[in-house]
Amino acid sequence: QGRSNHRHTSHPPTHSHTLDHNAMRMESPTRHCLLEGANPPWKLNSALVSIANATSGSVFQTISDDCFNCTWKYGCTVEEGRTQMLIDSLFPTQMRLLHNGETSCHINASLHNLGRYTLDAISCTLNTDEQGEDTLGATLILWIGLFLLLFSHDLYLNFKTGWWSAQEDHHEYYFGNVPRHRTTRRLLSVSVFRGLCVVFMALANSEGGGLVQFQHSTWNGLTVADVILPSFLFCAGLSSQIAMSHRSSTEIDCKRLLNRLFYLSVIGLFIVNKDSDWRTIRIMGVLQRLAICQLIVYPMQVNSNQPQHELRITRKLRRFPMEQTAENPDEYDLITGEESNSVPVVEPILEGEHANYSSHYFGEWLNVASVYMLTLTLSFITLIVTCLVPTPDCPAGYFGPGGVGDQGAFVNCTGGLAGWLDRVLLGSHIYTDSPVKSIYDSLDIDPEGFLGTFNSAVNVAGGALAGQIIRWYPYRSEQYTRLIVYGTLHIGLGFLLKTVVPINKQMWTLSFSLVTVGISLLLYFVVRLAVDHVKTKIKLRALAYVGDNALLIFILQNAFAGHLPYEFFVGFSSISRALLSLWTVFISITAGFVFRYYDVKFKL
């Protein structure tokens, strides 16, 4: 979750829950352009446009390409000696000047970060005074530096012994299937995948050098930053499913579940609120959403839990349940010490002696995907309610941003039913720094709101589905086939549903959940193949150490955000911000090493 979705402003809200943009456009604007020669309030991804030869009283308006189907947004009123305007340079922008209600100049331009430009109102041309900087240098620095940080520890350990020699088992990890005996070791691919999520959280929290892929989508759409939190939730479901592999109990530990909900919620309140004004503290947050999602999914996981020895099935044993097969180390990888290579393997299955293909696949969806299907059903019920229930000044089934979006037709409808519920139930405790407000002039909407929680639970259940696949199928080919097929199907269904429900991170729509679950399944397939099964010494240990204490490092990231030594001011250059982002990654990886060295383990 990037900073734009969890930082809270230190000022109380100054607007009401409803806005009348039509009335605002009819009134004479009162915001004036910057004084000529004054030091502009620079920020990342901004450019300065000076307006020359414009008639006093002219109105300067803009439309960002990031604003879909928008009306013109009021910028400032030009007066004598007030001719400068700071404009966001992340996306191309249309600019125009109005005099007495008539367009005197209209231009479309792509601006560079920290660039300075002059708009001549007479010739209607945009001249470049200072070019600014593009993002190519920052992109190269960020990705090359990230690659070196993630692989440096492996390269250092294995430089003398050969990079491509056979893998070595380590006492803290296992690499193959989930063992049937109780163990304190972790599955390496799960630790690496979790650590990857935390590292990219550090990049998004530090704005990723100002690169567009590390900025959250303003409204509809999908970026790298949008996939991070869903993948983190996916990891929560995957980890809990693997942890259940040695338990046969189907009784819910209510005390532990409620304790986890309480502690995560309290910690979440502290890290999302930087001020002491209790009247405007934010109630919802990333950890609060994680706790609620696990409260939804975990009881279903426990109820569907079965002993590990009953879940391991193979393609041959579906047709011949009692057949004994000798181990093939290239196809069937058991953990060292589980069974001797010379002992035949007997794998019982749930369906019994008369199992056939139809009963097997029905049993698979009834057992492997039962938790996921139940959670998806709850999400569909939420979607139906959203599409059928209207809200004040807003039609049923509205998923738009309101404000100047949709040509200003639904000014007070930001987020439809989901946004309206958040504004009514949370009041002044809602998130107020959403990027949609600055682009669309819209109302507040909480990215961790109430209705979106049911859809985000689908991501946790998707992780549980991946964990069940790893538990059920000892053959690599069957694991990989399902991860690839299910991942591809989720992405396809998500984009198919996009025609009805947009892919939207701010509302956390069902289509967004389906697409991100699919991405997580495919990404975990790549990590499991590369880390657990490819026999090399390149095991991304740095990420594994971060993943072993992912929750603690995530809490520290948010607690120290904006403070030394985690972050400090480096200016607004994209290259300097890219270096700062790499520094935050380095701090996170270093924390992982320190916690491992001192055997620090943080669990809730």
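Quantities reported herein were computed from a predicted structural model and do not represent experimental measurements.

## Examining the overall build of the protein
Link 1 in the chain: Summing up its helical and strand segments, the protein has 17 helices and 13 strands in all.
Link 2 in the chain: The buried share of the protein, reckoned over its 604 residues, is 55%.
Link 3 in the chain: Excluding contacts between residues fewer than 6 apart, the proportion of contacts in the protein whose partners are at least 24 apart in sequence is 74%.
Link 4 in the chain: As presented, the protein carries roughly 26,200 Å² of accessible surface, and 62% of it is formed by carbon and sulfur atoms.

## Thoughts on the side chain of Gln241
Link 1 in the chain: Note on placement: Gln241 falls in helix α4 (residues 224–243).
Link 2 in the chain: Within the local environment of Gln241, its side chain forms a polar contact with the side chain of Gln468, the two groups lying 3.4 Å apart.
Link 3 in the chain: Apart from residues lying up to four places away in sequence, Gln241 is in contact with Gln301, Ala464, Gly467, Gln468 and Arg471.

## A short note on the pattern of salt bridges
Link 1 in the chain: Taken as a whole, this structure holds 9 salt bridges when the rule is applied.
Link 2 in the chain: Ionic pairing is found between Arg282 and Glu448, a salt bridge with its closest N-O pair at 2.4 Å. Within this pair, whereas Arg282 is found in the loop between α5 (254–272) and α6 (286–303), its partner Glu448 is found in the loop between α11 (435–440) and α12 (450–472), the two being separated by 166 residues in sequence. Comparing Arg282 with Glu448, the two get one shared label, buried.
Link 3 in the chain: One continuous salt-bridge network, built from bridges that share partners, spans Arg282, Asp446 and Glu448.

## A look at the state of the cysteines
Where two cysteines share a covalent bond between their sulfur atoms, that bond is called a disulfide.
Link 1 in the chain: Applying the stated criterion across every chain, the model contains 2 disulfides.
Link 2 in the chain: Across the disulfide, Cys105 is cross-linked to Cys124 (sulfur-sulfur distance 2.1 Å). For the disulfide bridge between Cys105 and Cys124, the dihedral angle about the S-S bond is near 90 degrees, and by the sign convention the bridge is right-handed. Linking Cys105 in strand β7 (residues 102–109) with Cys124 in the loop between β8 (116–120) and β9 (125–130), this pair joins segments that are 19 residues apart in sequence.

## Some thoughts on the sheet that holds strand β1 (residues 34–35)
Strands in a sheet are paired, the pairing made by backbone hydrogen bonds, and the direction either parallel or antiparallel.
Link 1 in the chain: Sheet architecture is open: 5 strands sit in the order β1-β5-β2-β8-β9, paired in mixed fashion. Single-partner strands in this sheet number two, and they are β1 and β9.
Link 2 in the chain: Two strands pair when backbone bridges link them, and strand β2 (residues 46–52) and β8 are joined in this way by 5 bridges, in the parallel orientation. Within β8, the position partnered with Val49 by the bridge is Tyr117.

## Things to note about the sheet that holds β7
Link 1 in the chain: In spatial order, the strands read β4-β3-β6-β7; together these 4 strands make up an open sheet with antiparallel pairing. The open sheet has two edge strands, β4 (73–77) and β7, and neither has a second partner. For this sheet the average axis-to-axis angle between neighbouring strands, irrespective of direction, equals 25 degrees.

## A word on the packing of helix α3 (residues 188–205) against helix α17 (residues 574–597)
Link 1 in the chain: In contact at an axis separation of 8 Å, α3 and α17 are set at 145 degrees when each is read in the N-to-C sense. As α3 packs across α17, the resulting crossing turns out to be right-handed. Between α3 and α17, the residues in contact are Val199, Ala202 and Leu203 and Ser581, Thr584, Val585, Ser588 and Ile589, respectively.
Link 2 in the chain: Of the residues assigned to the contact of α3 with α17, the class counts are 5 nonpolar, 3 polar and no charged.

## Some words on the UniProt feature "transmembrane region" (unreviewed entry) in the protein
Link 1 in the chain: The sites that UniProt annotates as "transmembrane region" (unreviewed entry) are residues 187–204, 224–245, 257–273, 369–389, 483–501, 507–530, 542–560 and 580–598.
Link 2 in the chain: With 94% helix and 6% strand, the stretch residues 187–204 has end C-alpha atoms that lie 26 Å from each other.
Link 3 in the chain: Annotated as residues 483–501, this span is 79% helix and 0% strand, and its ends, taken at the C-alpha atoms, are 25 Å apart.

## Looking at helix α14 (residues 510–533)
Link 1 in the chain: An ideal rise of 1.5 Å per residue puts 34 Å on 24 residues; α14 measures up with 33 Å between its terminal C-alpha atoms.
Link 2 in the chain: Within α14, 18 of the 24 residues are buried, which leaves it mostly tucked inside the rest of the structure.

## Structural notes on the packing of aromatic side chains
Both the distance between ring centres and the angle between the ring planes are used here to describe each pair of aromatic rings.
Link 1 in the chain: In total, this model carries 15 aromatic pairs according to the counting rule given.
Link 2 in the chain: When the ring of Tyr398 is compared with that of Phe410, the centres are 4.8 Å apart and the planes differ by 45 degrees; the resulting orientation is tilted. Of this pair, Tyr398 sits in the loop between α9 (370–388) and α10 (416–426) while Phe410 sits in the loop between α9 and α10; the two residues are 12 residues apart in sequence, bridging distant segments of the chain.
Link 3 in the chain: For Tyr398, a relative accessible area of 8% puts it in the buried group.
Link 4 in the chain: A connected cluster of aromatic rings, assembled from ring pairs, spans Trp143, Phe200 and Phe214.

## A short note on the environment of Ala466
Link 1 in the chain: In this fold, Ala466 is placed in helix α12.
Link 2 in the chain: In sequence terms Ala466 and Gln241 are 225 residues apart; their C-alpha atoms lie 8.5 Å from each other.
Link 3 in the chain: Residues in contact with Ala466, not counting those within four places in the same chain, are Phe234, Leu238, Leu483 and Leu521.

## Some points on the pairing of β9
Link 1 in the chain: Of the pairings in the sheet, the one linking β8 to β9 comprises 5 bridges and is antiparallel in character. Opposite Arg116, over in β9, you have Glu130 as the bridge partner.
Link 2 in the chain: In sequence, β8 turns back onto β9 through a hairpin of 4 residues, with Cys124 there showing a positive phi of about 55 degrees.

Definitions and limits used
- Within each chain, residues carry numbers counting from 1 in the order of the written sequence.
- Under the rules for a predicted model, residues below a pLDDT of 70 receive no local features and side-chain atom pairs below 80 are neither given nor counted, while totals for whole chains, interfaces and linings still include all residues.
- Computation of side-chain values: all heavy atoms of the structure, hydrogens and water removed.
- Under the scheme used here, helices are H or I runs from DSSP no shorter than 4 residues and strands are E runs no shorter than 2 residues, and both carry numbers assigned from the N terminus.
- Buried residues are those whose accessible area, probed at 1.4 Å on protein chains only, stays under 20% of the maximum for their type, while exposed residues exceed 50% and partly exposed ones sit between those limits.
- When checking whether two residues touch, look at their non-hydrogen atoms; a contact exists if any pair is within 4.5 Å.
- Here, Shrake-Rupley sampling with a 1.4 Å probe gives the accessible areas, and only protein chains in the shown set may cover a residue.
- Here a polar contact is recorded for every N or O atom pair within 3.5 Å, except that within protein the pair must consist of a potential hydrogen donor and a potential acceptor, and residues adjacent in sequence are included only if both atoms are side-chain atoms.
- Each salt bridge in this description consists of a side-chain nitrogen of Lys or Arg and a carboxyl oxygen of Asp or Glu lying within 4 Å of one another.
- In what follows, a disulfide is any cysteine sulfur pair within 2.5 Å.
- In this description, strands pair whenever DSSP reports at least two bridges between them.
- Throughout, an axis means a line fitted to C-alpha atoms (over the contacting stretch in the case of helices), and angles, computed between N-to-C directions, take values from 0 to 180 degrees.
- Two helices that cross are described as forming a left-handed crossing if the nearer one is turned anticlockwise from the farther one by less than a right angle, and a right-handed crossing if clockwise.
- In this classification, the charged set is Asp, Glu, Lys and Arg, the nonpolar set is Ala, Val, Leu, Ile, Met, Phe, Trp, Tyr, Cys and Pro, and all remaining amino acids, among them Gly, are polar.
- UniProt positions are given in the numbering used here, feature names are shortened, and annotations may be inferred rather than shown by experiment.
- To estimate how far a helix should extend, the number of its residues minus one is multiplied by 1.5 Å.
- Aromatic pairs are defined between Phe, Tyr and Trp rings, using the six-membered ring for Trp, whenever the two ring centres lie within 6.5 Å; interplanar angles under 30 degrees are classed as stacked, those over 60 as edge-to-face, and all others as tilted.

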